[in-house]
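Structure at a glance
Chain residues, written in single-letter form:
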Amino acid sequence: MTVSAFLNVESSATGRRWIGPGIEADRLAEAMAQETRLPLPLARVLVARGVEPQDAARFLAPQLRDLLPDPRSLKGMERAATRFLTAVKAHEKVAIFADYDVDGGASAALLITWLRQMGQRATLYIPDRISEGYGPNEPAMAELAQAHSLIICVDCGTLSHAPIAAAEGADVLVLDHHLGGEELPPALAVVNPNRQDEDGALGHLCAASVVFLMLVEANRQLRADGVQGPDLMAMLDLVALATVADVAPLIGVNRALVRQGLKVMGRRERPGMVALCDVARMDQAPSTYHLGFLLGPRINAGGRIGAADLGARLLASDDPHETQALAERLDMLNTERRDIENRVRDAALAQAEARGLDGPLVWAAGEGWHPGVVGIVAARLKEATNRPAVVIGLEGGIGKGSARSVAGVDLGAAVQRVTAEGLFLKGGGHKMAAGLTLAADKLEPAMARLAELLARQGAGNAGPRDLRLDGLLMPGAATTGLIDEIEKAGPFGQSAPAPRFAFAAMTVFAPRRIGETHLRFSFGDGMGARIDAIAFGAFDGPLGPMLEQPGAARYHLAGRLEINSWGGRNKVQLRLEDASKA
């Protein structure tokens, strides 16, 4: 049975079909609103999340004490925490080997902060993306083992058998979340919710959350000895940043971790986070948007095109002067990264379009494409085509690439399979993202095999993307109070999209271009109430040209409501995503 299009929008300005709540969802939402006395728009959001009326209050106020799992439920956790504390008590030399992205940097910063509060120091090692690549390597691990008795690999290491074996004379702990293989590396402990012998119940955790759980276990062991450990709640800003930036699903305990972490970040107590927020010109309470689109990219810029350890050093430092300098450098690198990304994105999109965008996999490869931006460009291709995407930079006969997936398609498992079959030299990741290395002469067969495996999972079956809406609103009902209520269902992000509402048959007023690609306007229904709207990137597609000269036409508008704080005033604003002539 085909569901009729919401507001009869079969093909919007961006070519999408609008899908609204069904009759049963409407009935459940109205029943929930009556039983809980919550606003109907919020009840619609909760019904869409599968929340029952009796669970609404707990869902709207998630508590860590209710949701945080027992760290010992993860295999190897107790052994890892015990060995970590042994090193602390004996003042052993400890090295931290971290990945160069936000999750790796935040994981390292958690350990460094905890150790500093215990009067200890650690050596930070983050590999260079271009010369060393992802994860532990044999020369680095062997060198670290000569000067350290304990090496902790964070956000990496699960597949690093030979490099960990090369760390002779040192114990190695792996705290990771990437998909594991059939055999574990020869580490003292491998703590990873995505080990093959785990049940997957905590598979949505990022590496920083795994590190956080080890510190919870370490504090518990300290308390058993009558010692008070560092304040872990004050470190949740790092966990929140890593969770959002690593695109971990905001479900279960992740919701509580991010929600509490945003509160901690709002207190502006971590010098590195304060400096980063200031260079990003954040003038509002932090949200998942700020973490994912303002802070995360700046931290990643160091690992992408600059010095790999800049982000971790910024997050771990307690020196305001150092953090200010690091934040400014990362901000400059981020601007440079955007320029490089735009060039690679244009070339990759042209190549992918020439190859065809209707298969199970969209991919592009180019000589000299900077390996630091291929992941971002892959994400752009994925968003534009609603298909898994791979982008590869080629140099010296070797290709290094990143891949991004769509919901319901396990990309990491497919990449691991192609690696095991010998078409990739290296490869691994998780469901939504993966990295790979291959010989240039294996490019075509490797991509064909990956596409075949993804097709078996249903990739490529999706037609034009549906735009899912949580309901219809009148401008007069879209108040700051309603937005505050809806925000209680957050935080919003991966697997928990921010609610999206439609406004029917609106008149568009005073449209004006902002910069090169954005559009700002207001709209109303003729009943007196008007709402401001902004459409980012509107002139990169059809929305800008259509709404810039609206004439007398009326439009159905769809997007996400937010509060725009400016000049001491809070106003409702629609972040427009789509439109259609009424």
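1. Side note on helix α12 (residues 271-279)
- Here α12 lies mainly inside the structure; seven of its nine residues are buried.
- Among all positions in α12, only Gly-272, Met-273, Val-274, Ala-275, Leu-276, Cys-277 and Val-279 are buried.
- Buried residues in α12 make contact with α10 (236-245), α11 (253-266), α13 (288-305), α14 (310-316) and α15 (320-355).
- Just past α12, the residue Arg-281 takes up positive phi, approximately 55°.

2. A look at the pattern of salt bridges
- On inspection of all chains with the given rule, the structure shows 33 salt bridges.
- Of the charged contacts in the structure, one is a salt bridge between Glu-24 and Arg-27, with a shortest N-O distance of 2.6 Å. Of the two residues, Glu-24 and Arg-27 both sit in helix α1 (residues 23-36), three residues apart, roughly one turn of that helix.
- Bridged by salt links that share partners, the residues Asp-70, Arg-72, Glu-78, Glu-217 and Arg-220 form one connected network.

3. Looking at the packing of aromatic side chains
- A complete count under the given rule lists five aromatic pairs for this structure.
- Each ring, one from Phe-84 and one from Trp-114, has its centre 5.1 Å from the other, and the planes form 45°; the classification is tilted. Here Phe-84, found in helix α5 (residues 77-89), pairs with Trp-114, found in helix α6 (residues 102-117); they are 30 residues apart in sequence, far enough to count as distant.
- Classification of Trp-114 as buried rests on a relative accessible area of 0%.
- Here the guanidinium or amino end of Arg-255 rests over the ring plane of Phe-59, the centre of that ring lying 3.8 Å away.
- Over the aromatic face of Phe-539 sits the side chain of Arg-513, whose NZ or CZ is 3.7 Å from the ring centroid.

4. What to know about the nonpolar core
- Core analysis: the largest hydrophobic core is formed by 98 residues, its most contacted members being Phe-84, Leu-111, Trp-114, Ile-152, Met-214, Leu-215 and Leu-295.
- If we skip the residues at most four places from it in the chain, Leu-215 touches Phe-84, Leu-110, Leu-111, Trp-114 and Leu-232.
- Listed in part, the 41 residues of the second largest apolar core include Ala-478, Ala-533, Leu-543 and Tyr-555.

5. Overview of the environment of Arg-337
- Structurally, Arg-337 is set in helix α15.
- When sequence neighbours within four positions are dropped, the list of residues in contact with Arg-337 reads Pro-297, Arg-304, Ile-305, Val-373 and Ile-376.
- Side chain to side chain, Arg-337 and Asn-334 meet in a polar contact 2.6 Å long.

6. Quick notes on the sheet that holds strand β2 (residues 94-98)
- Ordered in space as β3-β2-β4-β5-β6, the five strands form an open sheet in which the pairing is parallel. Where the open sheet ends on each side, the last strands, each with one partner, are β3 (123-125) and β6 (189-191). Adjacent strand axes in the sheet meet at a mean angle of 15°, parallel and antiparallel pairs treated alike.
- For β2 and β3, the ladder comprises three bridges, and the chain directions are parallel. Residue Ile-96 lies in a different strand from β3, and its bridge partner there is Leu-124.
- Where helix α9 (residues 207-224) meets the sheet, its contacts fall on β4 (150-154), β5 (171-175) and β6, and the angle it forms with β5 comes to roughly 120°.

7. A few points about the packing of α6 against α10
- Contact geometry for α6 and α10: axes closest at 8 Å, N-to-C directions at 165°. Between α6 and α10, the angle falls in the class roughly antiparallel. Along this stretch, α6 crosses α10, giving a crossing that reads as left-handed. Together, Val-102, Asp-103, Ala-106, Ala-109 and Leu-110 of α6 and Leu-238, Val-239, Leu-241, Ala-242 and Ala-245 of α10 make up the contact between the two elements.
- Looking at side-chain class alone, the contact of α6 with α10 contains nine nonpolar, no polar and one charged residues.

8. Observations concerning the state of the cysteines
- Inspection of the entire model under this criterion finds zero disulfides.
- The structure places no disulfide on Cys-153, whose sulfur is separated from the nearest cysteine sulfur, that of Cys-156, by 5.1 Å.
- Here Cys-153 falls in the buried class, since its relative accessible area comes to 0%.
- Residue Cys-156 is classed as buried on the basis of its relative accessible area of 0%.

9. Side note on unusual backbone geometry
- The residue after Gly-490, namely Pro-491, is reached through a cis peptide bond having omega 5°.
- By the secondary structure assignment, Pro-491 is in the loop between α19 (480-487) and β13 (501-514).
- Of note in the backbone geometry, Asn-386 takes a positive phi value of approximately 60° without being a glycine.
- Within the fold, Asn-386 resides in the loop between α16 (374-385) and β8 (389-395).
- Using a relative accessible area of 26% as the deciding quantity, one classes Asn-386 as partly exposed.

10. Focus on the side chain of Asn-219
- Mapping Asn-219 onto the fold places it in helix α9.
- Excluding residues that lie within four positions of it along the chain, Asn-219 makes contacts with Trp-114, Gly-229, Pro-230 and Leu-232.

11. What to know about the sheet that holds strand β16 (residues 554-566)
- The mixed closed barrel is built from five strands, whose spatial order is β13-β14-β15-β17-β16. Between one strand and the next, the sheet's axes are offset by a mean angle of 45°, whatever the strand orientation.
- Judged from the five bridges that link them, β13 and β16 form a sheet pairing that is antiparallel. When the bridges of β16 are listed, Thr-507 appears paired with Arg-554.

What counts as what
Residues take numbers from 1 onward in each chain, read along the sequence in its written order. Where local features are concerned, this predicted model is filtered to residues with pLDDT of at least 70; where side-chain atom pairs are given and counted, the filter is 80 or more; whole-chain, interface and lining totals use all residues. As a convention, hydrogens and water are excluded, and side-chain values are obtained from all of the structure's heavy atoms. To sort residues, take the accessible area from a 1.4 Å probe on protein chains only and compare it with the maximum for the residue type: under 20% means buried, over 50% means exposed, and anything in between is partly exposed. Every helix listed is a DSSP run of H or I at least four residues long, and every strand listed is a run of E at least two residues long, numbered separately from the N terminus. Pairs of residues are marked as contacts when any of their non-hydrogen atoms sit within 4.5 Å. A side-chain nitrogen of Lys or Arg and a carboxyl oxygen of Asp or Glu constitute a salt bridge if their distance falls within 4 Å. Here a pair means two rings of Phe, Tyr or Trp (six-membered ring of Trp) with centres within 6.5 Å. Their orientation is stacked below 30 degrees between planes, edge-to-face above 60, and tilted elsewhere. A ring has a charge above it when a Lys NZ or an Arg CZ is no more than 6 Å from the ring centre and no more than 35 degrees off the ring normal. Only buried residues count toward a nonpolar core, which is a set of Ala, Val, Leu, Ile, Met, Phe, Trp, Tyr and Cys residues joined through side-chain atoms within 4.5 Å. Counting of polar contacts relies on pairs of N or O atoms within 3.5 Å, with two restrictions inside protein: one atom must be capable of donating a hydrogen and the other of accepting it, and residues adjacent in sequence are counted only when both atoms are side-chain atoms. Pairing between strands is defined by DSSP: at least two bridges between them are needed. Axis lines are fitted through C-alpha atoms, for helices just across the contact stretch, and the angle between N-to-C directions can take any value from 0 to 180 degrees. Angles are sorted into four bins: roughly parallel if under 35 degrees, roughly antiparallel if over 145, roughly perpendicular if 65 to 115, and oblique for all others. Two helices cross in a left-handed way if the nearer one is turned anticlockwise from the farther one by less than a right angle. They cross in a right-handed way if the turn is clockwise. All residues other than Ala, Val, Leu, Ile, Met, Phe, Trp, Tyr, Cys, Pro, Asp, Glu, Lys and Arg, Gly among them, are scored as polar; the first ten of these are nonpolar and the last four charged. Put simply, a disulfide is two cysteine sulfurs that come within 2.5 Å.

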